[in-house]
Amino acid sequence: MVNFGIIGLGNRGSMMLRDPLLKFPELRFTVMCDVYPDRVEGAQKKVFDDRGYTPYGTTDYREAIDYLAALPGDEPRAVYVSTSWEYHAEVSIYAMRRGVAVASEINGAASYEECAALVRTYEETKTPYMFMENCCFDEQELLVTSMARAGKFGTIVHCNGAYAHDLRSEVTNGNNKRHYRLHHYLNRNCDNYPTHEIGPIAKILNINRGNRFVSLVSVASKSCGLEEYVAAHPEIDPSLAGKKFKQGDIISTIITCAGGETVTLRLDTTLPRSYNRDIRVHGTKGFYEMGPDIFFFDGEDKESFATLPYYKDNFNNAEKYKPEYLPPVWRDIPPEEKEKGHGGMDYIEFHVFLDALVNKKPMPIDVYDAATWSAITYLSEQSIAAGGAPQSFPDFTGGKWTTRPSEDVIALK
């Protein structure tokens with residue numbers, strides 16, 4: 001049994017409690033915490049309705065962590081950190097110092113100092129820490145990773161990804177829904193949410209494990225989307241009338257790697273559009289594009305990929321590769337597990353976290369990944385402010401990236 005707490009019970013925290021966390025019988029829900037008492041009470045009721053007991057509740061994260069840390073016995077204790085972005089590092093550091101394992105939502109930190117403090121705290125305490133980037137566990141990303149490990153792409157040269165998601169309603173309802181994104185969009189200009197795409201890409205490229213990010217450049221478009229949306233919907237939040245948003249509508253970032261690869265990222269959340277993570281992998285023998293879910297491999301596809309009929313006729317051709325390359329966790333997933341959070345990836349992610357915690361295995365997305373992936377936010381902000389000037393990535397592994405073995409988030413075969 002794992003004594004478990006949740007700190008941060010807004011949309012993400014409360015959704016994860018409902019699905020999938022309450023589906024894990026090995027979790028004993030010990031404490032619920034949020035700065036808003038009504039959220040704490042709501043979470044306590046969910047646990048009572050499902051489990052028949054009421055966890056301790058508090059609005060102070062230190063009290064919540066201290067409560068977990070002080071429990072008698074040697075059963076594992078862990079906390080899921082799903083507060084607003086700016087508190088993830090602070091809460092995680094406090095938990096690690098108290099010996100409470102951490103499952104931290106994205107983003108992990110917003111400055112070099114916070115990233116370095118996360119790493120330093122883990123190295124001093126060795127308290128288990130996992131960065132909960134759920135897209136690393138999604139079916140499409142893991143299929144592509146499996147095929148990359150099998151050499152299907154040849155030498156990988158370039159990857160692309162995006163967080164392309166129309167968030168205008170969510171951002172502008174920030175005051176009404178007590179949501180943290182609003183003040184970030186008002187005050188910062190950066191790639192504020194890079195990890196959905198960079199996480200799977202970093203794993204494919206073995207970042208921090210034989211490869212590393214070296215530098216990035218970022219540029220921002222002008223900011224119009226949210227201001228026009230507010231003007232068109234004055235009923236949402238009259239206090240936003242006339243406000244200027246610092247966040248550019250499109251943030252474009254190019255990352256260079258020690259291995260010679262390049263990565264392009266795009267933040268695209270304030271204009272009308274459909275959702276897409278836009279993962280693409282370019283290698284010397286093959287290509288993948290997430291939107292149409294399509295592969296092209298030399299020697300297997302006789303027609304030129306560039307011709308329109310081929311492209312249209314082969315949408316979703318990824319299906320034909322699944323019998324051989326789809327990892328067992330997805331190939332054998334029961335239908336009920338696909339209903340447990342974001343199509344099943346949240347359930348798989350927490351299963352991996354709990355397995356590593358209980359069996360004392362290394363976390364597959366560790367503190368070095370958290371610091372490196374999160375650094376994109378503050379480095380992009382610095383690059384944009386400097387007119388697109390290159391920014392160097394710190395090496396949070398202290399040189400160990402050259403010898404750390406490759407580690408996938410799950411078994412691929």
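Calculation notes
Residues numbered from 1 in each chain as written. Predicted model: local features only at pLDDT ≥ 70, side-chain atom pairs only at ≥ 80, totals over all residues. Heavy atoms only, no water. Core = buried A, V, L, I, M, F, W, Y, C linked by side-chain atoms within 4.5 Å. Buried < 20%, exposed > 50% of the residue type's maximum accessible area, 1.4 Å probe, protein only. Helix = DSSP H or I, 4+ residues; strand = E, 2+ residues; numbered from the N terminus. Contact = heavy atoms within 4.5 Å. Pairing = 2+ DSSP bridges. Axes fitted to C-alpha atoms, helices over the stretch in contact; angles between N-to-C directions. 1 Å grid on protein atoms, 1.4 Å probe; cavity = no way out; pocket = protein on both sides within 12 Å on 5 of 7 lines; lining within 4 Å. Points joined across faces, edges and corners; volume = space filled by probe spheres on them. Nonpolar A, V, L, I, M, F, W, Y, C, P; charged D, E, K, R; others polar. Salt bridge = Lys/Arg side-chain N within 4 Å of Asp/Glu carboxyl O.

K.L.:
Describe the nonpolar core, with residues and values.
P.N.:
Ranked by size, the top nonpolar core spans 123 residues in total, and within it Phe-137, Phe-153, Phe-295, Phe-350 and Phe-353 carry the most contacts. Counting residues per element, this core draws most heavily on helix 16 (residues 367-385), at ten residues. When near neighbours in sequence (up to four residues on either side) are disregarded, Phe-137 contacts Met-130, Leu-142, Trp-330, Met-345, Ile-348, Glu-349, Val-352, Ile-365, Val-409 and Ile-410.

K.L.:
Lay out helix 10 (residues 195-204) with the relevant residues and their values.
P.N.:
Of all ten residues that make up helix 10, ten are buried, and the element is covered over most of its length. Buried residues of helix 10: Thr-195, His-196, Glu-197, Ile-198, Gly-199, Pro-200, Ile-201, Ala-202, Lys-203 and Ile-204, and no others. Directly beyond the C-terminal end of helix 10, a positive phi value near 60° is found at Asn-206.

K.L.:
Can you tell me about the sheet that holds strand 5 (residues 101-104), naming the residues and giving the values?
P.N.:
The sheet built from six strands is open, its strands ordered 3-2-1-4-5-6 with parallel pairing. The strands lining the two open edges of the sheet, one partner per strand, are strand 3 (56-58) and strand 6 (129-131). Across the sheet, the mean angle separating the axes of adjacent strands is 20° when strand polarity is ignored.

K.L.:
Residue-level account of the layout of surface pockets, with values.
P.N.:
Computed from the structure, the largest pocket encloses a volume of approximately 1,000 Å³. Around the largest pocket, the lining comprises 43 residues; the ones closest to its centre are Arg-12, Ser-82, Thr-83, His-179 and Tyr-180. Of the residues forming the lining of the largest pocket, the biggest block, four residues, is contributed by helix 1 (residues 11-18). Classifying every residue of the lining of the largest pocket gives 18 nonpolar, 15 polar and ten charged. The computed volume of the second largest pocket comes to approximately 300 Å³. Along the walls of the second largest pocket sit 17 residues, with Tyr-122, Lys-361, Pro-362, Met-363 and Asp-366 positioned nearest its centre. When contributions to the lining of the second largest pocket are tallied by element, the ones reaching two or more residues are helix 15 (345-358) and helix 16. Within the lining of the second largest pocket, the residues separate by chemical class into nine nonpolar, one polar and seven charged.

K.L.:
Please give an account of the pairing of strand 8 (residues 213-220) that cites residues and values.
P.N.:
Here strand 8 runs beside strand 9 (residues 250-257); their pairing, made up of seven bridges, is antiparallel. Within the sheet, the bridge partner assigned to Val-219 lies in strand 9 and is Ser-252. Both strand 8 and strand 14 (residues 391-392) contribute to a ladder of two bridges, which runs antiparallel. Note that in strand 14 the partner of Leu-216 across the bridge is Gln-391.

K.L.:
Please set out the pattern of salt bridges residue by residue, giving values where relevant.
P.N.:
Scanning the entire structure with this criterion turns up 28 salt bridges. Its salt-bridge partner being Lys-45, residue Asp-49 comes within 2.7 Å of it at the nearest N-O pair. One end of the pair is Asp-49 and the other is Lys-45, both in helix 2 (residues 37-51) and four residues apart, which spans about a single turn. The class for Lys-45 is exposed, based on a relative accessible area of 52%. Where Arg-273 meets Asp-268, a salt bridge forms, and the shortest distance between an N and an O atom there is 2.9 Å. In this structure Arg-273 comes out as partly exposed when scored by relative accessible area, which is 28%. Given a relative accessible area of 6%, Asp-268 falls into the buried group. One salt-bridge network, held together by shared partners, links Arg-266, Asp-268, Arg-273, Asp-278 and Arg-280.

K.L.:
Just give me the short version of empty space enclosed by the protein, but keep the residues and values in it.
P.N.:
Applying the stated criterion across every chain yields a total of four cavities of 30 Å³ or more. Taken as a whole, the largest cavity spans an internal volume of roughly 80 Å³. Trp-85, Glu-86, Asn-107, Gly-108, Ala-109, Ala-110, His-184, Arg-188, Asn-192 and Thr-377 together form the lining of the largest cavity. The class makeup of the residues in the lining of the largest cavity is three nonpolar, five polar and two charged. The calculated volume of the second largest cavity comes to roughly 50 Å³.

K.L.:
With reference to specific residues and values, describe the sheet that holds strand 8.
P.N.:
Overall, mixed pairing links the eight strands, which are arranged 13-12-11-7-10-9-8-14 in an open sheet. Only two strands of the sheet have a single partner each, and these edge strands are strand 13 (294-297) and strand 14. Sheet topology note: the strand 7 (residues 156-164)/strand 11 (residues 280-283) ladder contains four bridges and is antiparallel. When the sheet's bridge partners are listed, Asn-160 is paired in strand 11 with Arg-280.

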